[in-house]
Amino acid sequence: MSSTLLQKVAGPRVDSDAMADDGLRYRLPYLLLLAARILILVSLFLPYWEMDLVAPQYPDNLHLTAYVNNLGGDVAEIDGLNHYIGMRPLGEAAQLERRYGVFALVGLVVMLEIAALVHRRWATLLILPGILFPAIFLLDLHLWMSHFGTNLDPYAPLSNSIEPFVPPILGVGEIGQFKTIAEPGTGLWLAIGASVVMLLALWFHRRAFRPLVIEAKSGAH
Amino acid sequence: MNPAFRVLSARALALALLLSVGASSSLAFQSMDDVRAAATARGLTTADLLAAAKTFTPSGMLDEYVMFSSGGHSGQVFAIGMPSMRLLKTIAVFTPEPWQGWGYGVGEEVMAGGDYGGEPVRWGDTHHPALSETAGDYDGQWLFINDKINARVGVIDLRDFEAKQIVKNPLTVSDHGGTFVTPNTEYVIEGGQYATPWGSAYAPLSEYKESYHGSVTLWKFDRRAGRIDRSKSFAMELPPYWQDLSDAGKGASDGWFFLNSINTEMATGGIESGNPPFEAGVSRNATDYLHIIDWKGAERVFQAGKADMIEGFPVISIKTAVAEGLIYLTPEPRSPHGVDVAPKGDFVVVSGKLDPHVTVYSTAKLKKAVAAKTFSGRDDWGIPILDFDAVVEAQVEVGLGPLHTQFGPEGYAYTSLFLDSAVARWTMGGSYGAGTPEPDWTLVHKTPVQYNVGHIGVAEGDTVSPDGKYLVAFNKWSVDRFLPPGPLLPQNFQLIDIANQGTSMPVIYDMPIGMGEPHYAQICKADKLNPWKVYPEVGWDPLHQRADLMAPKPGMERVTRNDEEGSVEVFMTAVRSHFKPEHVAVKVGDTITWRITNIERAVDATHGFAIPQYNINLSLEPGETATVEFTAHTAGTFPFYCSEFCSALHLEMVGYLLVEPTE
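Scoring rules and cut-offs
Residues numbered from 1 in each chain as written. Chains lettered and ligands numbered in written order. Predicted model: local features only at pLDDT ≥ 70, side-chain atom pairs only at ≥ 80, totals over all residues. Heavy atoms only, no water. Helix = DSSP H or I, 4+ residues; strand = E, 2+ residues; numbered from the N terminus. Buried < 20%, exposed > 50% of the residue type's maximum accessible area, 1.4 Å probe, protein only. Contact = heavy atoms within 4.5 Å. Areas by Shrake-Rupley, 256 points an atom, 1.4 Å probe, with all protein chains shown as cover. Lys, Arg positive; Asp, Glu negative; His and termini not counted. Charge placed at Lys NZ, Arg CZ, Asp CG, Glu CD. Polar contact = N/O pair within 3.5 Å; in protein donor to acceptor, adjacent residues only side chain to side chain. Patch = residues over 30% accessible without salt bridge, like charges linked within 9 Å, V, L, I, M, F, W, Y side chains within 5 Å. Salt bridge = Lys/Arg side-chain N within 4 Å of Asp/Glu carboxyl O. Pairing = 2+ DSSP bridges. Buried area = accessible area lost by both parts, 1.4 Å probe. UniProt positions renumbered as here; feature names shortened; annotations may be inferred. 1 Å grid on protein atoms, 1.4 Å probe; cavity = no way out; pocket = protein on both sides within 12 Å on 5 of 7 lines; lining within 4 Å. Points joined across faces, edges and corners; volume = space filled by probe spheres on them. Nonpolar A, V, L, I, M, F, W, Y, C, P; charged D, E, K, R; others polar. Domains from an automatic or database assignment. Axes fitted to C-alpha atoms, helices over the stretch in contact; angles between N-to-C directions.

1. A look at the overall build of chain A
Part 1 of the reasoning: Helix and strand content of chain A: 6 helices and 5 strands.
Part 2 of the reasoning: Listing every helix and strand of chain A by position from the N terminus yields α-α-β-β-β-α-α-α-β-β-α.
Part 3 of the reasoning: Along the three orthogonal principal directions, the C-alpha set of chain A runs to about 75 × 30 × 20 Å.
Part 4 of the reasoning: When the 221 residues of chain A are sorted by exposure, 42% land in the buried category.
Part 5 of the reasoning: Here the analysis covers contacts within chain A between residues at least 6 apart in sequence; of these, 66% occur between residues at least 24 apart.
Part 6 of the reasoning: Here chain A displays about 12,500 Å² of accessible surface, and carbon together with sulfur accounts for 65% of that area.
Part 7 of the reasoning: Across chain A, 15 positive and 19 negative side-chain charges occur, with their mean positions spaced 19 Å apart.

Quick look at the structure:
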C-alpha cells in the first residue's frame, strides 16, 4: 500500500537489473541536479551583480557589489551622492529579498534534492524556480532600480536638474557626470550555469524516467 | 586556449591598437621640432631642457622622494616632493596654522606641551628634522623637529603627518644640536646652544664660567605610544662651550654620539663696553672641541641612579661623566658647524667654518685613543682631551666656509661651502675609496649655488645606505633668482643632479621658499612612507590615534543643555553638504562642548568647521572627530560654515549658532 502511494507520488523506482544494465542513464539526472545544487550554494558567497560608476573626481571609480544577502562597495559614498538627487539610501532597497534570499536559495536547493528523487513529470515544478532564479534576480533588481530612480524626493537639492531615470541593470548608462557600467557578478554567472545544468537535467530526467512511467501505467492497466 | 577566446582576444588586441593610435593622434602635431621652437622662444639651452626632463613631473606622476624640511621661523615643517620640488604640505607644529585648525580648535593641547613657565609661546624656529630610524635607515614612521629659540622638540606621526607632542627642555633656553636620533630611535638627541644658568634662571655674565651650563638631552622615544617618555629621559651637563650640531654614531661607532662646540673661548661679548663682540671672541681660538659621548654608557649610569635632579630633570654631571668615562673631547678646527657620521659609522666629518678643510676623524682611532688614554690634556672641567693627531684620519681642502656634509652611495661626500657659495664633492678613503675613480680624500668638483648655502641634503644621505641621485642646497639668499616680492626675498632650494660621477653635478631646479628660513631637511624614499588616505574609522581621534567613544555618529546628533550648570553639549556630524544639527541655540555665558565628526569615507572629502568671532576653525579629515570647548561670551547670531570647499553645495553647508542674551 505505502509503496504504491510512494510510486504514485514519486514515480516508479528503477529496479536493480535496469540499474546494472544502464546505470548512467538513471544516475545522470541525479548527478546534474547535484551539480546545480553545488553551483547555487557556491554562488551564495559570490557577488551577483556589480556596477562601476565612472566620474572625473573618482580616479578609481565608485563600485557597487550586490550579493544575495548584502550590498558591498562604496555604498556610503554613493548614498551620499544620491541624496543630492533625492534618491533613498540603497540600504532601503530589497530589504526583504536580502533578508530571505539565502533561505530562498537554500529552499531551492532542497527542492532540487527532492526533485532528484521524483521520477515523474511534476519534478519539473520543483526544478523550474531554480531555472528561473537568475531571471527573477535581474527582474527584481530592475524593479527596484526603476522604483528608486523614478521616485526621487522633489525637495532634494538637485531635484530639478536630474530627470527621473532608470539606470540599466546590465550595460552602460549615464546619470549626471557619472557613466555607469553594470555587469553580472560571478555568483550570477554560476546561477545561470546552474540553470543550464538544470535544463539538461530535465532532458535527461525525461529520457530516463518517462519510459518507466509509461511502462508502469501500462502494467497497471 | 579555447579558439573562440583566441578570436576574441585577437579582436581586443586590434581594438586596443586602434584606440592607442586614436589617443596618440591628438599628439600627432607635436614633434621634437616643436620642443626646439618652444625652447628657442624662451631662450632655453639643451642643459635647461635636460634639467626639465629630469624634474618635470606631469599631472598624475608621483614623486620619488619626500623631503622633510624645517620651516625655520615659520615654526612648521614642510613636506616637499622630489624631484618636482612641489610643496605637498606644511605640517603645523609650534605655530598656529588655520588650514589644519592648529591652534583654532585642535592642537592647543600639543602646543601647550611647549609652554614656557606657564606662558604660551606660539612660534618656533625649527632647524633640524630627524626621521625615525631602524638599524640606521629611515623607517618612515615618525619625524622629530627641534625649535632652536625655545629648546623644544616636536613629534610628528607620519601616518597622518600631524604633530602629536611637543616637549620643552627644562634645562636649557635654546637648542641646536638636535634633533638627531640614535640608530634605532632609542633616543632623540637635543644638544643645547647658548649657555645659560639651568632653567634660564638669572645670573650675571661675570659668573659665566661658574653659573652657565651647556647640556645635551637624550629624550627617550616610546615607539608604541608614539611619544617621548619624559620619565625615561635624561640629560648630561656640559661645559658652557655653546654646543652646536650633533650626530649619532652608527655601525662602527654605534653607541656613541658626537657634538661640536663653537665657544670654547667662553667669550661673553659686550661690544658696547669695548669688549670683543661675540663674533670675534667666539672665533679667537684656532680650535674648538668635538665632544665624543658614550650614550649607551650614559644610559647605564642614568639607570643606575647616578644622575642629579636639576629643574626636576635627571642630569649626569660632568664630574660623574668623567669618572664613568662617558665623555671625551678632541680639538676641531675653529668654529665648526657640521659634524656628520659616514654611512658605515667609521668616519666623522667636521667642518670648521673658518677653516678651508673638512677634518675627518676615524672612529677606530677615537676608540683606540680612549682605550690607550692618548690624552693631550684635560679641559677646566677635567674632561680628557684626545690627542688630535692620534684620532684624525684626513683633512681635505674643500673651499671657504665649509658647513655640512652628506654622503652618496659610491664613496663621495658632499660639503656645503657658505663663503664660496658652492657645494663640494670630494672622495672618501678607507673602504669607500674603491667606489670612486678619483684618488682618496681629494676634492673632485665644486658646483656654484645661488646663494650662500647652509645645510645640504642628499637623498637618504645621512643614513647607513645613502641613495645619492639628488642633492638639495638649502640656500639662504636668492638675490636675483626670482621675481622680487618686495625686499623680503624667499630662500632658494636648489636641486642638484648628482647621479653621475666626477665633475658632473648641475643645478636642475630652483624652488623658492617664501615661508620662513628652513635649515636642514631629510630626504626619504617615498615608498617608505605609508600614510593614511582617510582615518581608519569614523569617529577617529587623531591626537591619540584611536576611535573616540564620545564621537558623534549618524543618528546620534543632538544638542543638550544642562540648565543648572549653564553647559551645552553639541553632538554634530558633517557630511556633504550639511551639518547636523544646523541650529544650535545657547544662552550667553554657557560653556559649550562642541563635538563634531566628519562621517565621510571618500578620499579628500575634508570638511572645515568655522565659527565667526569665536576664533574657531577646524579641519576635519574623513573620519576625524574633534572636540572644541569654549564659552559663549558674546550674544548674537553667528553663521558657522564649512571652510573647506567640499561639494557643489558647499556654500549651503552652514548653520546658525544663536547666542541668546540674558534678560
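2. Examining the side chain of S132 of chain B
Residue and element names in this part refer to chain B.
Part 1 of the reasoning: Mapping S132 onto the fold places it in strand 4 (residues 130-134).
Part 2 of the reasoning: Engagement of the side chain of S132 in a polar contact is seen with the side chain of D139, the distance being 2.4 Å.
Part 3 of the reasoning: Once residues within four sequence positions are removed from consideration, S132 is found in contact with D137, Y138, D139, G140, Q141, W142, F144, T185 and R223.

3. Description of a positive patch on the surface
Part 1 of the reasoning: There is a patch of like positive charges on the surface, built from R120, R121, R206, R210 and K217 of chain A.
Part 2 of the reasoning: A relative accessible area of 32% means that R120 of chain A is categorised as partly exposed.

4. Re helix 3 (residues 75-85) of chain A
Residues and elements named next belong to chain A.
Part 1 of the reasoning: Most of helix 3 is tucked away: 8 of the 11 residues are buried.
Part 2 of the reasoning: Taken together, the buried positions of helix 3 are V75, E77, I78, D79, L81, N82, Y84 and I85.
Part 3 of the reasoning: On its buried face, helix 3 sits against strand 1 (49-55), strand 2 (58-66), strand 3 (71-73) and strand 5 (178-184).
Part 4 of the reasoning: At the C-terminal side of helix 3, G86 shows a positive phi close to 85°.

5. Things to note about the pairing of strand 1 (residues 65-70) of chain B
Residues and elements named next belong to chain B.
Part 1 of the reasoning: Taking burial as the measure, the 6 residues of strand 1 include 6 buried ones, the bulk of the element.
Part 2 of the reasoning: Along strand 1, one buried face is formed by Y65, M67 and S69 and the opposite face, lined by V66, F68 and S70, is buried too.
Part 3 of the reasoning: Inspection of the sheet shows strand 1 paired to strand 2 (residues 77-82) by 6 bridges, in the antiparallel sense. Residue F68 lies in a different strand from strand 2, and its bridge partner there is A79.
Part 4 of the reasoning: Where strand 1 lies against strand 32 (residues 521-525), 5 bridges are found, and the strand directions are antiparallel. Across the sheet, Y65 pairs through a bridge with K525, a residue of strand 32.

6. A word on the interface of chain A and chain B
Part 1 of the reasoning: Taken together, the contact pairs 5 residues of chain A with 7 residues of chain B.
Part 2 of the reasoning: Regarding the contact of chain A and chain B, the summed buried area is about 480 Å², with carbon and sulfur atoms giving 53% of it.
Part 3 of the reasoning: Ranking the residues of chain A by area buried against chain B places E77, H83 and Y84 of chain A at the top, with a combined share of 71%.
Part 4 of the reasoning: On inspection of chain A and its partner chain B, the count reaches 1 salt bridge.

7. Some remarks on the UniProt feature "domain: Cytochrome oxidase subunit II copper A binding" (unreviewed entry) in chain B
Part 1 of the reasoning: Here, UniProt's "domain: Cytochrome oxidase subunit II copper A binding" (unreviewed entry) annotation points to residues 563-663 of chain B.
Part 2 of the reasoning: The distance separating the terminal C-alpha atoms of residues 563-663 of chain B is 15 Å; by composition the span is 0% helix and 54% strand.

8. Observations regarding the layout of surface pockets
It is a probe the size of a water molecule, rolled over the atoms, that shows where empty space is left.
Residues and elements named next belong to chain B.
Part 1 of the reasoning: For the second largest pocket, the calculated volume is near 1,400 Å³.
Part 2 of the reasoning: As for the second largest pocket, its lining consists of 35 residues, and the residues nearest its centre are L88, K89, P531, W532 and K533.
Part 3 of the reasoning: Among the elements of the structure, strand 1, strand 2 and strand 3 (86-91) are those that each provide at least two residues to the lining of the second largest pocket.
Part 4 of the reasoning: Class assignment for the residues of the lining of the second largest pocket results in 17 nonpolar, 7 polar and 11 charged.
Part 5 of the reasoning: A domain-level breakdown of the lining of the second largest pocket finds at least three residues from each of domain 1 (65-525) and domain 2 (546-660).

9. Examining the pairing of strand 20 (residues 357-362) of chain B
Residues and elements named next belong to chain B.
Part 1 of the reasoning: In terms of burial, strand 20 is a largely internal element, 5 of the 6 residues being buried.
Part 2 of the reasoning: Pairing between strand 19 (residues 347-352) and strand 20: 5 bridges, direction antiparallel. Within strand 20, the residue paired with V349 across the bridge is V360.
Part 3 of the reasoning: Here strand 19 folds back onto strand 20, and the loop between the two strands holds 4 residues.

10. A short note on the sheet that holds strand 15 (residues 308-310) of chain B
Residues and elements named next belong to chain B.
Part 1 of the reasoning: The strand order 8-9-10-11-16-15 describes an open sheet built from 6 strands, whose pairing is mixed. Of all strands in the sheet, those with a lone pairing partner are strand 8 (175-181) and strand 15, marking the two edges. Recorded for the sheet is a direction-independent mean angle of 30° between the axes of neighbouring strands.
Part 2 of the reasoning: Direction of pairing for strand 10 (residues 214-222) relative to strand 11 (residues 227-238): antiparallel, over a ladder of 8 bridges.

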